[in-house]
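Descriptive analysis of the structure
Listed below are the residues making up each chain.
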Amino acid sequence: MSVPDSDVRSPSSAAQPVSAGIVTALVGFTSSFAVVLTGLTAVGADSAEAASGLLILCVTQALGMLWLSRRYRMPITLAWSTPGAALLAGAGAVGGGWPAAVGAFAIVGVAILLTGLWPRLGRVIAAIPSALAQAMLAGVLLPLCLAPVLALRDAPLAVAPVVLVWLVLQRYSTRWAVPAAFAAAGVVIAVSLVVGKVGLDASALLPELVLTTPTWSWQALIGIAVPLYIVTMASQNIPGTAVMKSFGYEVPWRPAMLVTGIGTLVGAPAGGHAINLAAISAALSAAPTAHPDPRKRWRAAFTAGWAYLVLAACSAAVAALIAAAPVGVVETVAGLALLATLGGALASALADIREREGAVVTFLIAASGVSVLGIGSAFWALIAGLIVRTALHFRR
């Protein structure tokens, strides 16, 4: 692609990648951090450990973006695994508690590393029918996406402004709908703090890494590590490469997996569940709006990396604010943030009529939240879906 020199060198085009990178970081952070905190808390983290997890996720993905974008001169953006955090929220506590969950995060990091070093493992994941993987994700997301409905029933005065702001922004600027909903939630939280005359602990506003020695249990391995790895690969890394390819960029697969695997492994003791290639937000830095010259869009991802380091310093304050929220407000923001992901997962799961029965079974079991032998519903949903699919395809 060629563009006139006057366009490339103009002050406006020079500022484009910087502004695009800042927008990428702000949208990525504000649209899904509530899901991350919800997921980490669900598997046993206390408020300090969840805040630490958010902090280390910001730092590891920022460093990964800075290196990958500069090294390969591509707008390669990273993100925490939002579907993975949603999966954690549905999985709940496992045998061994929070240390076992941390051990599962470390195993996911090792698995992503192996995916980069051993391409066959990536092909195994790609061989899992997409319909079943997406149905599992949709089932996990359903209870979280129902939260705004239940919260609106139970606490309408606190939740209605958040939903209304989200709805208005959906009409005029979808990209900013969830960040605006979070801003509305912040106002609701501030009002509740003033009315309730409750103060925030100043020490909780400062970022702090809380390290946990990982332990391993077979329940956490099967119930958290396996589905978290599958969801991260099938819903983030593989679509992320497809999004980049649509803009003319061939992501260096092995280096990307090595960087995200190392980042996940290093971040696990501090509470980071997984980082991966960005899928949804990847277009913000890779599209022509980031810069008319594709060769210069890498600066957008580079800027996003620095912006995430700034946001990392704010992570503890954000987590403290969320912890002080009225009942239902955080769940509403998280549910609204996941609606688009749920819609995409359902569309992919039901698109192929030949896979529909297995996908529906997978969806229902994942949504049920049933736990057997201390293992969450996501794993059993995938197993049941594969059994149904195999039986029906054998019959056909």
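By convention here, each chain's residues receive numbers from 1 onward along its written sequence. Per-residue local features of the predicted model are confined to residues with pLDDT of at least 70, and side-chain atom pairs are confined, for both listing and counting, to 80 or more; whole-chain, interface and lining totals are unaffected and use all residues. Only hydrogens and water are set aside; all other atoms, that is, all heavy atoms of the structure, feed into the side-chain values.

Here we look at the pattern of salt bridges
A pair is scored as a salt bridge if a Lys or Arg side-chain nitrogen falls within 4 Å of a carboxyl oxygen belonging to Asp or Glu. Inspection of every chain in the model, using the stated rule, returns four salt bridges. Of the charged contacts in the structure, one is a salt bridge between D154 and R153, with a shortest N-O distance of 2.8 Å. Judged on exposure class, the residue D154 and its partner R153 are both exposed. Notably, a salt bridge pairs D293 with R295, separated by 3.0 Å at the nearest N-O pair. In this structure R295 comes out as exposed when scored by relative accessible area, which is 60%. We call a residue buried when its accessible area falls under 20% of the maximum for its residue type, exposed when it is over 50%, and partly exposed in between, using a 1.4 Å probe and counting protein chains only.

Some remarks on the nonpolar core
Definition of nonpolar core: a set of buried residues of the types Ala, Val, Leu, Ile, Met, Phe, Trp, Tyr and Cys, connected through side-chain atoms within 4.5 Å. By size, the foremost hydrophobic cluster in this structure holds 107 residues, and its most contacted members are F29, F33, W80, F105, I224 and Y308. We call two residues contacting when some pair of their heavy atoms lies within 4.5 Å. Beyond its immediate chain neighbours, meaning those up to four positions away, F105 contacts L40, V43, L88, W98, I224, L228, T264, A268, G271, G272 and H273.

Some remarks on the layout of surface pockets
Using a grid of 1 Å spacing that covers the protein atoms alone, one calls a set of points a cavity when a 1.4 Å probe fits there but cannot get out, and a pocket when the set is open and has protein on both sides within 12 Å along at least five of seven lines; lining residues are those with an atom within 4 Å of a point. Grid points are joined across faces, edges and corners, and a volume is the space filled by probe spheres set on the points. Size it by volume and the largest pocket reaches roughly 850 Å³. Strands are runs of DSSP state E lasting at least two residues, helices are runs of H or I lasting at least four, and both sets are numbered from the N terminus onward. The greatest single-element share of the lining of the largest pocket, amounting to nine residues, is contributed by helix α15 (residues 329-350). Throughout, the ten residues Ala, Val, Leu, Ile, Met, Phe, Trp, Tyr, Cys and Pro are labelled nonpolar, Asp, Glu, Lys and Arg are labelled charged, and all others, Gly among them, are labelled polar. For the lining of the largest pocket, the per-class residue count stands at 23 nonpolar, 16 polar and one charged. Of the voids in this model, the second largest pocket is the one considered here, and its volume is about 630 Å³. Together, 29 residues line the second largest pocket, and T41, S47, A319, I322 and A323 are the ones closest to its centre. Elements with a minimum of two residues in the lining of the second largest pocket: α3 (33-42), α4 (47-72), α8 (130-154), α14 (298-323) and α15. Of the residues in the lining of the second largest pocket, the class split is 21 nonpolar, six polar and two charged.

What to know about α8
Each helix should span, by expectation, one fewer than its residue count multiplied by 1.5 Å. Taking 1.5 Å of rise per residue, 25 residues should cover 36 Å, and α8 covers 37 Å from first to last C-alpha, within 8% of that figure. Two axes define the bend at a residue: one fitted to the seven residues ending there, one fitted to the seven starting there, and the bend is the angle between them. The largest bend along α8 measures about 35° and falls at L141, with the proline P143 one to four residues further on.

So, the packing of aromatic side chains
Aromatic rings from Phe, Tyr and Trp, taking only the six-membered ring of Trp, are treated as a pair when their centres fall within 6.5 Å; an angle between ring planes under 30 degrees marks them as stacked, one over 60 as edge-to-face, and anything in between as tilted. Considering all chains together, one arrives at eight aromatic pairs under this definition. Through a chain of ring-to-ring contacts, the aromatic side chains of F29, F33, W80, F182 and Y308 assemble into a single cluster. Put simply, a charge is over a ring when the Lys NZ or the Arg CZ is close to the ring centre, within 6 Å, and near the line of the ring normal, within 35 degrees. For the cation-ring pair, R70 lies above F302, with the distance from its terminal atom to the ring centre recorded as 5.7 Å. Its end group placed over the ring of Y72, R71 keeps NZ or CZ at 4.7 Å from the ring centre.

Description of the side chain of H291
Examined against the element boundaries, H291 turns out to sit in the loop between α13 (282-286) and α14. At 2.9 Å, the side chain of H291 and the backbone nitrogen of D293 are in polar contact. Think of a polar contact as two N or O atoms within 3.5 Å of one another; within protein, one of them needs to be a possible hydrogen donor and the other a possible acceptor, and neighboring residues in sequence only count if both atoms come from side chains.

A short note on the confidence of the model for the protein chain
Scored from 0 to 100, pLDDT records how confident the predictor is in each individual residue. Model confidence for the protein chain is summarised by a mean pLDDT of 83, while 92% of its residues fall at 70 or above. Scored below 50 in pLDDT, residues 1-9 makes 13 contacts in the model with residues more than four places away or belonging to other chains.

Topic: the environment of Y72
Tracing the chain through its elements places Y72 in helix α4. Classification of Y72 by relative accessible area gives partly exposed; the value is 25%. Setting aside residues up to four positions removed in sequence, Y72 forms contacts with W67, P252 and P255.

So, the environment of M136
On the secondary structure map, M136 appears in helix α8. Here M136 falls in the buried class, since its relative accessible area comes to 1%. Each C-alpha atom of the pair M136 and V231 lies 8.6 Å from the other, and the pair is 95 residues apart in sequence.

Some thoughts on unusual backbone geometry
Phi is positive for R73, close to 50°, though the residue is something other than glycine. Relative to the helices and strands, R73 is located in the loop between α4 and β1 (78-80).

Quick look at the packing of helix α9 (residues 156-172) against α15
Two numbers describe how α9 lies on α15: the axes approach to 9 Å, and their chain directions differ by 25°. The orientation of α9 relative to α15 falls into the category roughly parallel. Here the hand of the crossing between α9 and α15 comes out right-handed. Across from A158, V159, V162, V163 and W166 in α9, the residues of α15 making contact are V329, T332, V333, L336 and L339. Split by residue class, the contact of α9 with α15 holds nine nonpolar, one polar and no charged. Axes here refer to lines fitted to C-alpha atoms; in helices the fit is confined to the stretch in contact. Angles between the N-to-C directions go from 0 to 180 degrees. Angles below 35 degrees are treated as roughly parallel, those above 145 as roughly antiparallel, those between 65 and 115 as roughly perpendicular, and all remaining angles as oblique. For any helix crossing, the convention is left-handed if the near helix is rotated counterclockwise from the far helix by under a right angle, and right-handed if that rotation is clockwise.

A closer look at α4
Look at α4: 38 Å from first C-alpha to last across 26 residues, which is about the 38 Å you get at 1.5 Å a residue. Structurally, the start of α4 carries an N-cap: the backbone nitrogen of A48 is 3.1 Å from a side-chain oxygen of D46.

Quick notes on the packing of α4 against α14
With their axes 8 Å apart at the nearest point, α4 and α14 run at an angle of 170° to one another. Our classification of the angle between α4 and α14 gives roughly antiparallel. Residues A51, L54, L55, C58, V59, Q61, A62, M65, L66, S69 and R70 of α4 touch α14, and the partners they reach there are W298, A301, F302, A304, G305, W306, Y308, L309, A312, S315, A316 and A319. For the contact of α4 with α14, the per-class residue count stands at 18 nonpolar, four polar and one charged.

Section: the side chain of S217
Looking at the element boundaries, S217 is found in the loop between α10 (177-196) and α11 (218-246). Among the residues examined, S217 registers a relative accessible area of 17% and is labelled buried. Of note is the side chain of S217, whose polar atom sits 3.2 Å from the backbone nitrogen of A220. Discounting chain neighbours no more than four positions away, the residues touching S217 are G95 and A100.

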